[in-house]
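Here is what each chain is made of, one letter per residue.
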Amino acid sequence: MLTQRQVVDYALQRRALLAEVYAGRVGTMEVCDASPYLLRAAKFHGRPSEVTCPVCRKEPLTLVSWVYGDELKHAAGSARTVEELTRMANLFEEFTVYVVEVCRTCSWNHLVQSYVLGTRGVNSRKPRRRTAAE
């Protein structure tokens, strides 16, 4: 997407949490706690990834994109597909997208990435100063 900016990747945080799980310091029940709403959003709005679940290793993870922003009004806090995000990026000035990975088998979930979309700053070239002769 052309307007994607302010990207934050949570890979280091994910890696640290999984190291704690593998070492036995954090239980799987603590990290496999996806809400029914998140699991339902993964089923209907998610897109499959090529990464296998790091906890149960039974199925590929599903990526769910959540949108938040003052301008979105009633749509804020809802899951959206990639096609919807593309359309929304052209309609709204600015909103934040949070991408969560979810395992629909064991309920593992973790924030993967966040970024800002929207039309703010896309065509904001400063107008050229006019000379006295113009």
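Residues numbered from 1 in each chain as written. Predicted model: local features only at pLDDT ≥ 70, side-chain atom pairs only at ≥ 80, totals over all residues. Heavy atoms only, no water.

Under an unreviewed UniProt entry, the chain has the name DUF5318 domain-containing protein and belongs to Saccharothrix variisporea.

Engineer: Run through the overall build of the chain, naming residues and quoting values.
Structural biologist: Along the backbone of the chain there are 4 helices and 6 strands. Overall, the chain shows an N-to-C arrangement of helices and strands of β-α-α-α-β-β-β-α-β-β. Scored against the burial criterion, the 134 residues of the chain give a buried share of 36%. Considering only residue pairs separated by 6 or more positions, the chain has 60% of its internal contacts joining residues 24 or more positions apart. (Helix = DSSP H or I, 4+ residues; strand = E, 2+ residues; numbered from the N terminus. Buried < 20%, exposed > 50% of the residue type's maximum accessible area, 1.4 Å probe, protein only. Contact = heavy atoms within 4.5 Å.)

Engineer: Tell me what's going on with the packing of aromatic side chains, and back it up with residues and numbers.
Structural biologist: Scanning all chains against the criterion turns up 3 aromatic pairs. Seen from their ring centres, tyrosine 37 and tryptophan 66 are 5.6 Å apart, and the 45 degrees between their planes marks the pair as tilted. In this pair, tyrosine 37 is assigned in helix α3 (residues 36-45) and tryptophan 66 in strand β3 (residues 60-68), connecting sequence segments 29 residues apart. Judged by relative accessible area, which is 48%, tyrosine 37 ranks as partly exposed. Centre to centre, the rings of phenylalanine 92 and phenylalanine 95 are 6.3 Å apart; their planes meet at 85 degrees, and the pair counts as edge-to-face. (Phe/Tyr/Trp six-rings, centres within 6.5 Å; stacked < 30°, edge-to-face > 60°.)

Engineer: Describe the environment of asparagine 90, listing the residues and the values that go with them.
Structural biologist: Position of asparagine 90 relative to the elements: it lies in helix α4 (residues 82-91). Residue class for asparagine 90 comes out exposed when judged on its relative accessible area of 59%. For the pair asparagine 90 and arginine 120, spaced 30 residues apart in sequence, the C-alpha separation works out to 9.7 Å. Within polar-contact distance, the side chain of asparagine 90 engages the backbone oxygen of threonine 86 at 3.3 Å. (Polar contact = N/O pair within 3.5 Å; in protein donor to acceptor, adjacent residues only side chain to side chain.)

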